[in-house]
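Geometric and topological summary
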Amino acid sequence: MHRISLHKKKTDSLLRKHPWVFSGAIYSDTSSIEDGETVTVVDHHDRFLAIGHFQHATIAVRVLSFEEREINADFFKDKIGSAVEWRKKMNLLREDNSICRLIHGEGDSLPGLIVDYYNGVAVIQCHSIGMYRSLSFISEGLQAALGNELKAVYSKSSDTLPERIESQDGYVFGTCEVPHHALENGVAIAIDWINGQKTGFFIDQRENRELLGKYAKGKKVLNTFCYSGGFSLLALKNGASLVHSLDSSKKAIELTNANIALNNWTEQHASIVADAMEYMKALEEDYDIIVLDPPAFAKHRDKRHKAIQGYKRLNAHAIRQIKPGGLIFTFSCSQVIDKNIFTNTIIAAAIEAGRNVRILEQLHQPADHPINAFHPEGEYLKGLVIAVD
Ligand code: SAH
């Protein structure tokens, strides 16, 4: 195994158990190391610091262990086994909820690996070449942890790996037809990991959708950026009088319509294919509740300013036009927009719209998307429920 030594003053973050080594911290010549190799990281006295996956990139090493141990099938069995067991203990997988994130990268001490679970099917998304090269260990680990409950494992990593890597999406264990039905808080959802966005569904909004359900009875709801309609479904389950779902993607609206039909709620529902920003400029109806859940407006720090302007404009349109006493569920999943910046942006939007706004709830990502305390960058989803007077 290659040993990589760090510059003298670049060991602090690893000693604080931050799981990344940036290329600038490395002293050794790494030119002979292949993408995805497992390496040992040492300090300038050759003392052990960590073991991780190497990649020729800004984040050069993603740490798998701060103890000396082999990274083999047993390693993945241990890590995946404890992540699954913990979620079962937390009651995240139940009879009425068969959708759950099983592995959330750094939050489960497996940087570069995402595994989402849909009623017997695990969908893997590798964000590092090392994880992609470990697919068979990962699949074995999932089979060991889930036993007979697991019907298939699908790898969907071609979108998330660097282009220089030849990768193919497909089943690494079993097979399963899509769309495949699963339950989120008692609501049937059809999941298509092959043709859908990301792993097929946005699991991270589960608790926030349930919260919307608590406020939805008898209400007229507009769900923008709806994707497959998660928020719409929970609103309808809880007695919303009418739900409009909007997305710019025709395919997303087809998924929403299919999910609404699956649950027999078509009469109280209508879909709109449109650009949300355009549509929000002049709303044609009075809504009691508006959901704003856009894709990440900023993927990098240098796009932050523009993103803030985008969030402000979108929210100002909603605040200006919602019914008096109405609620807005507003979100940002941009990691570079933190909680404070987001709240300040919503306040600025309220000022621009000229209406009184109260913050009722502060929302975040759920327990199956845990944040490693030594890796604060893992916090990405934030939201507010605001009441507009
Ligand atoms: N709220 C969804 C997840 C949203 S993902 C859920 O609960 O599952 C973001 C969605 O925004 C995607 O479906 C994407 O197609 C849609 N989108 C992106 N840009 C858009 C735009 N300008 N107007 C409307 N929808 C847009």
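Scroll up a little and you will see the structure.
Calculation notes
Residues numbered from 1 in each chain as written. Predicted model: local features only at pLDDT ≥ 70, side-chain atom pairs only at ≥ 80, totals over all residues. Heavy atoms only, no water. Buried < 20%, exposed > 50% of the residue type's maximum accessible area, 1.4 Å probe, protein only. Helix = DSSP H or I, 4+ residues; strand = E, 2+ residues; numbered from the N terminus. Pairing = 2+ DSSP bridges. Near = heavy atom within 4 Å. Polar contact = N/O pair within 3.5 Å; in protein donor to acceptor, adjacent residues only side chain to side chain. Areas by Shrake-Rupley, 256 points an atom, 1.4 Å probe, with all protein chains shown as cover. Nonpolar A, V, L, I, M, F, W, Y, C, P; charged D, E, K, R; others polar. Salt bridge = Lys/Arg side-chain N within 4 Å of Asp/Glu carboxyl O. Axes fitted to C-alpha atoms, helices over the stretch in contact; angles between N-to-C directions. Disulfide = S-S within 2.5 Å. Lys, Arg positive; Asp, Glu negative; His and termini not counted. Contact = heavy atoms within 4.5 Å.

1. Some points on the pairing of strand S5 (residues 59–65)
Of all 7 residues in S5, 7 are buried, a share of seventy percent or more. Sheet analysis places strand S2 (residues 20–22) next to S5, joined by 3 bridges and oriented antiparallel. Each bridged residue has a counterpart across the sheet, and for phenylalanine 22 the counterpart in S5 is isoleucine 59. The pairing of strand S4 (residues 48–54) with S5 spans 4 bridges and is antiparallel. The residue of S5 that forms the bridge with phenylalanine 54 is valine 61. Once S4 ends, the chain turns through 4 residues before running back antiparallel as S5.

2. Observations regarding the site of the ligand
With respect to spatial proximity, 15 residues lie near the ligand, and among them Arg209, Asp247, Asp275, Ala276 and Asp293 are the closest. Contact between the ligand and serine 248: a nitrogen atom at 3.1 Å from a main-chain N or O atom of the residue. In the environment of the ligand, a nitrogen atom lies 2.7 Å from a nitrogen or oxygen atom belonging to the side chain of aspartate 293. Protein burial of the ligand: of its 590 Å² of free accessible surface, 87% is covered by the chains. For the shell around the ligand, the residue count by class is 8 nonpolar, 3 polar and 4 charged.

3. Some points on the pattern of salt bridges
All chains considered together, the criterion is met by 17 salt bridges. Of the charged contacts in the structure, one is a salt bridge between glutamate 207 and arginine 206, with a shortest N-O distance of 3.0 Å. On the basis of relative accessibility, which here comes to 37%, the residue glutamate 207 falls in the partly exposed class. Take arginine 206: its relative accessible area is 2%, and that puts it in the buried class. In this structure, arginine 358 and aspartate 389 form a salt bridge, with 3.3 Å as the shortest nitrogen-oxygen distance. Of this pair, arginine 358 sits in strand S18 (residues 357–364) while aspartate 389 sits in the segment after strand S19 (382–388), and the two are 31 residues apart along the sequence. With a relative accessible area of 42%, aspartate 389 lands in the partly exposed category.

4. Here's the deal with the sheet that holds strand S15 (residues 269–273)
Strand order in the open sheet made by the 7 strands is S15-S14-S13-S16-S17-S19-S18, with mixed pairing throughout. With one partner strand each, in any of the chains shown, S15 and S18 form the two edges of the open sheet. Averaged over all pairs of adjacent strands, the angle between strand axes in this sheet comes to 15°, irrespective of strand direction. Pairing of S18 with S19 involves 7 bridges; the strand directions are antiparallel. Residue pairing across strands places isoleucine 359 opposite isoleucine 386, the latter belonging to S19.

5. Points about the state of the cysteines
Summed over all chains, the structure comprises 0 disulfides. Not engaged in a disulfide, the cysteine cysteine 100 finds its nearest cysteine sulfur in cysteine 176; these two sulfurs lie 17 Å apart. Relative accessible area serves as the criterion here: at 0%, cysteine 100 is assigned to the buried category.

6. Brief notes about the side chain of arginine 62
Residue position: arginine 62 is located in strand S5. Despite its burial, arginine 62 pairs with no opposite charge; the closest candidate is glutamate 106, at 4.6 Å N-O. Once you skip the residues sitting within four places of it in the chain, arginine 62 turns out to touch Pro19, Trp20, Ile51, Gly52, His53, Pro111, Gly112, His127 and Ser128.

7. As for the side chain of arginine 355
Residue position: arginine 355 is located in the loop between helix H10 (339–353) and S18. Residues contacting arginine 355, with those up to four places away along its chain left out, are Ile319, Arg320, Gln321, Ile322, Lys323, Pro324, Ala350, Val388 and Asp389.

8. Here's the deal with unusual backbone geometry
Here the amide bond leading from valine 178 into proline 179 is cis, since omega sits at -5°, within 30 degrees of zero. With a phi angle near 55°, phenylalanine 225 is a residue other than glycine that sits in the positive phi range. By the secondary structure assignment, phenylalanine 225 is in the loop between strand S13 (220–224) and helix H6 (230–237). A positive phi angle is found at tyrosine 227, which is not glycine, with a value near 50°.

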